Amino acid sequence: MKASGRVLLNFCDVHTHYGSLHVLKGVSYEIREGEIVALLGGNASGKSTTMKTVLGLVRPSEGTVSFRGQPIHALRTSEIVRRGIAPVPEGRRLFPRMTILENLEMGRYTRRAEPGWAEELDRVFGLFPLLKERRHQLAGTMSGGEQQMLAIGRALMTRPTLLCMDEPSMGLAPRLVEEVFDIIRAINEQGTTIFVIEQNVNMALSIAHRGYVLQMGEVVLAGSAQELLENPLIRKAYLGSG
Amino acid sequence: MSTVDVLLQQIVNGLALGMMYALLALGFTMVYGIIELINFSHFSVFMTGTFVGLVVLNLMGVTAVSKSLTGFALVGTLVVLFAATMATTGVLGVLIERICLRSLRHVAGTAPMITTIGVAFILINTMLLIWGPQAQRFPQLLPNWRWAVGAAEVTFKQVVLFVVGLVLMLALSHLVKRTTLGKAMRATAQDADAARMMGIDVDRVVVLTFFLGSALAGAGSLFFGLYYGFTGYYIGYTTGLRAFTSAVLGGIGSIPGAVLGGLFIGLTQSLGGQLVGVKWTDVIIFSLLIIVMVFRPNGLLGAHVPQKA
């Protein structure tokens, strides 16, 4: 999908602390409507803290996070989700002893009083026919790849404006990683903006419009996916070539 | 009476008692399932419930010297009694969570559990102050009807308790399995952080859990009053401990486990009392608990292993 240029999510000079540990040190990102933006970085770079900050699970000690021009960093998670941000958390975090259908229902929890459940279910089943076939199966009994599909489907049930995905390729076989990224691209083409946090740099940049590279809580590189792919630092640090 | 008839009689007695333990065990297990806290104030909420019931009955003009009721008067009185008592104990549970436990939610270790013991003492001593140390007679509003089933006898009281218990459990089961709120409770129990990311207000789910658990304890306390015909500030401990054993036996955190454990303890109490002797009841119950814990540490149906004390 073509980016419209309107800023959807804006991280402005955000600092976060876990006790005395300074995690994000003044990071700024901008995600525009229609984009796929990749956030890249190694372990302990602050990627997951970024995701938690977007969702209101971690409060910034300084700086602002705004969504569609409104500050959201002081809001409860339930309110942030209701405004149109949906997470696909790291490690998928499904409800293992609930069925696929119940997991999808929980995805739509903030909009449970609104009509449209059947349409949204159809849309998710259209993307993932497997989930429809096995809708009464317990989520905990599915394979890793299937669980990832369900985690994405669950997030889509709110019809989010922005989908925040934390390490969607983690723990998946290469063939499944490709499948997941194809789906991410398809979701984006249907109109959802995507913020994807990834260690798999090559894969993430193959679908992203733009990317940020985070190291030790600071943005060290930013640019279009093409620029980042060609950047010698990235090639050396993440893609294993000089 | 032949041995088989005696056993049958004790099974009938045990099932009615078991319902009381099950109702009480549900509160322990639901709270543990959501916030991994063993809530010892539950014993005292149960005890307080018997006095709430007493007050409700007195307000309706039913006292310890009143005759038993029949017909619409009985049904109406029972409905009001259960509704008012359950609502009051439910609110009491919510207040305990809100005032004493919420600020300790993220405190590691045993502080929250010890706080619940403190709350238990506050309630026990409040009831002692108000009602004094002597036992209070609980009005016997259920008529003393009896039916022969073989050589065993089923009393109307047992039938009422069993049916009310069953209805409450089916209602709980429906709520937890079928309603969105119940599903949110299960989701929170399975992964509270993920539930929060779905937009579920975890604090509200915890409040709801305390309300439901304490309301069921209120129903359990009416079972106690109606069954034994008395109450006192001291009744929470023994019954509460047996109900807690039921929850652990069934697998703490498991709702069907609490029901199974409650019925199991009820039957153990009545059969053990008959076959071995009433004074051995607790020895038998807690020995069984130890045996189950050694061979099945998660309890009969449990998915959780207790982490916090």
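Residues numbered from 1 in each chain as written. Chains lettered and ligands numbered in written order. Predicted model: local features only at pLDDT ≥ 70, side-chain atom pairs only at ≥ 80, totals over all residues. Heavy atoms only, no water.

1. Description of the overall build of chain A
Each helix and strand in chain A was counted, giving ten helices and ten strands. The C-alpha atoms of chain A give a radius of gyration of 17 Å, which matches the 18 Å a tight globule of 242 residues would have. Projected onto its principal axes, the C-alpha coordinates of chain A cover approximately 45 × 40 × 35 Å. When each of the 242 residues of chain A is scored for burial, the buried share is 54%. Taking all contacts inside chain A whose residues are at least 6 apart in sequence as the whole, residues at least 24 apart take part in 68%. Of the roughly 10,300 Å² that chain A leaves accessible, carbon and sulfur atoms contribute 50%. Put simply, chain A has 28 plus and 25 minus side-chain charges, and the middle of one group is 3 Å from the middle of the other. (Helix = DSSP H or I, 4+ residues; strand = E, 2+ residues; numbered from the N terminus. Rg over C-alpha atoms; globule rule 2.2 N^0.38 Å. Buried < 20%, exposed > 50% of the residue type's maximum accessible area, 1.4 Å probe, protein only. Contact = heavy atoms within 4.5 Å. Areas by Shrake-Rupley, 256 points an atom, 1.4 Å probe, with all protein chains shown as cover. Lys, Arg positive; Asp, Glu negative; His and termini not counted. Charge placed at Lys NZ, Arg CZ, Asp CG, Glu CD.)

2. Quick look at the overall build of chain B
If you tally the helices and strands in chain B, you get eleven helices and four strands. For 309 residues, the compact-globule formula gives about 19 Å, and the C-alpha radius of gyration of chain B, at 19 Å, lands near that figure. Based on the C-alpha atoms only, the size of chain B along its principal axes is roughly 60 × 45 × 40 Å. Buried positions account for 54% of the 309 residues belonging to chain B. Within chain B, contacts between residues separated by at least 24 positions form 79% of all contacts whose residues are at least 6 apart in sequence. By element, 70% of the accessible surface of chain B is carried by carbon and sulfur atoms, the whole surface being about 13,100 Å². With 17 positive and 9 negative side-chain charges, chain B shows a spacing of 6 Å between the two charge centroids.

3. With respect to the packing of helix H1 (residues 3-35) of chain B against helix H5 (residues 156-178) of chain B
The description of two helices packed together rests on the angle between their axes and the distance between the axes. Residues and elements named next belong to chain B. Running from N to C, H1 and H5 cross one another at 30°; their axes reach a closest spacing of 9 Å. Relative to H5, H1 is oriented roughly parallel. The two elements H1 and H5 cross, and the hand of that crossing is left-handed. Every residue of H5 that contacts H1 at Val12, Asn13, Leu15, Ala16, Met19, Ala22, Leu23, Leu26 and Met30 is listed here: Gln158, Leu161, Phe162, Gly165, Leu166, Leu168, Met169 and Leu172. (Axes fitted to C-alpha atoms, helices over the stretch in contact; angles between N-to-C directions. Parallel < 35°, antiparallel > 145°, perpendicular 65-115°, else oblique. Left-handed = near helix turned anticlockwise from the far one by under 90°.)

4. Points about the side chain of Thr48(B)
Residue and element names in this part refer to chain B. Assignment of secondary structure puts Thr48 in helix H2 (residues 41-59). The class of Thr48 is buried, set by a relative accessible area of 6%. Filtering out sequence-adjacent residues up to four positions away, Thr48 remains in contact with Leu92, Leu123 and Met127.

5. Remarks on H1(B)
Residue and element names in this part refer to chain B. Here H1 is 33 residues long and its end C-alpha atoms lie 46 Å apart, about the 48 Å a rise of 1.5 Å per residue gives. In terms of burial, H1 is a largely internal element, 27 of the 33 residues being buried. Glu36 sits one or two positions beyond H1 and adopts a positive phi of about 50°. (Expected span 1.5 Å × (residues − 1).)

6. What to know about the interface of chain A and chain B
Contact residues are listed per partner, giving 21 residues for chain A and 21 residues for chain B. Between chain A and chain B the total buried area reaches about 2,000 Å² when both faces are included, carbon and sulfur atoms providing 61% of it. On the chain A side of the contact with chain B, Arg93(A), Phe95(A) and Tyr109(A) bury the most area, a combined 28% of that side's loss. Our count for the contact surface shared by chain A and chain B stands at five salt bridges. Its salt-bridge partner being Asp191(B), residue Arg93(A) comes within 2.7 Å of it at the nearest N-O pair. The tally of links between chain A and chain B comes to six residue pairs in polar contact (both at pLDDT 80 or more). Contributions of two or more residues to the side of chain A that touches chain B are made by helix H2 (77-82) and helix H3 (100-107) of chain A. Counting residues per element, the side of chain A that touches chain B draws most heavily on H3(A), which supplies four residues. In the side of chain A that touches chain B, the residues fall into ten nonpolar, four polar and seven charged. (Buried area = accessible area lost by both parts, 1.4 Å probe. Salt bridge = Lys/Arg side-chain N within 4 Å of Asp/Glu carboxyl O. Polar contact = N/O pair within 3.5 Å; in protein donor to acceptor, adjacent residues only side chain to side chain. Nonpolar A, V, L, I, M, F, W, Y, C, P; charged D, E, K, R; others polar.)

7. Description of unusual backbone geometry
Residues and elements named next belong to chain A. A positive phi angle, close to 70°, is found at Arg92, a residue other than glycine. When you line up the elements, Arg92 lands in the loop between strand E6 (85-88) and H3. Judged by relative accessible area, which is 13%, Arg92 ranks as buried. Residue Arg159 is not a glycine yet carries a positive backbone phi of 50°. If you trace the backbone, Arg159 turns up in the loop between helix H6 (144-156) and strand E7 (162-166). Arg159 gets classed as partly exposed once you look at its relative accessible area, which sits at 46%.

8. As for the sheet that holds strand E5 (residues 70-71) of chain A
Residues and elements named next belong to chain A. Read from one edge to the other, the open sheet built from four strands follows the order E2-E1-E4-E5, with strand pairing classed as antiparallel. Since the sheet does not close on itself, it has two edges, and those belong to strand E2 (21-32) and E5, each with one partner. Running over the sheet, helix H1 (residues 47-54) touches strand E1 (7-18), E2 and strand E4 (62-67) and is turned about 115° from E1. (Pairing = 2+ DSSP bridges.)

These results come straight from atomic positions and should not be treated as a statement about function.
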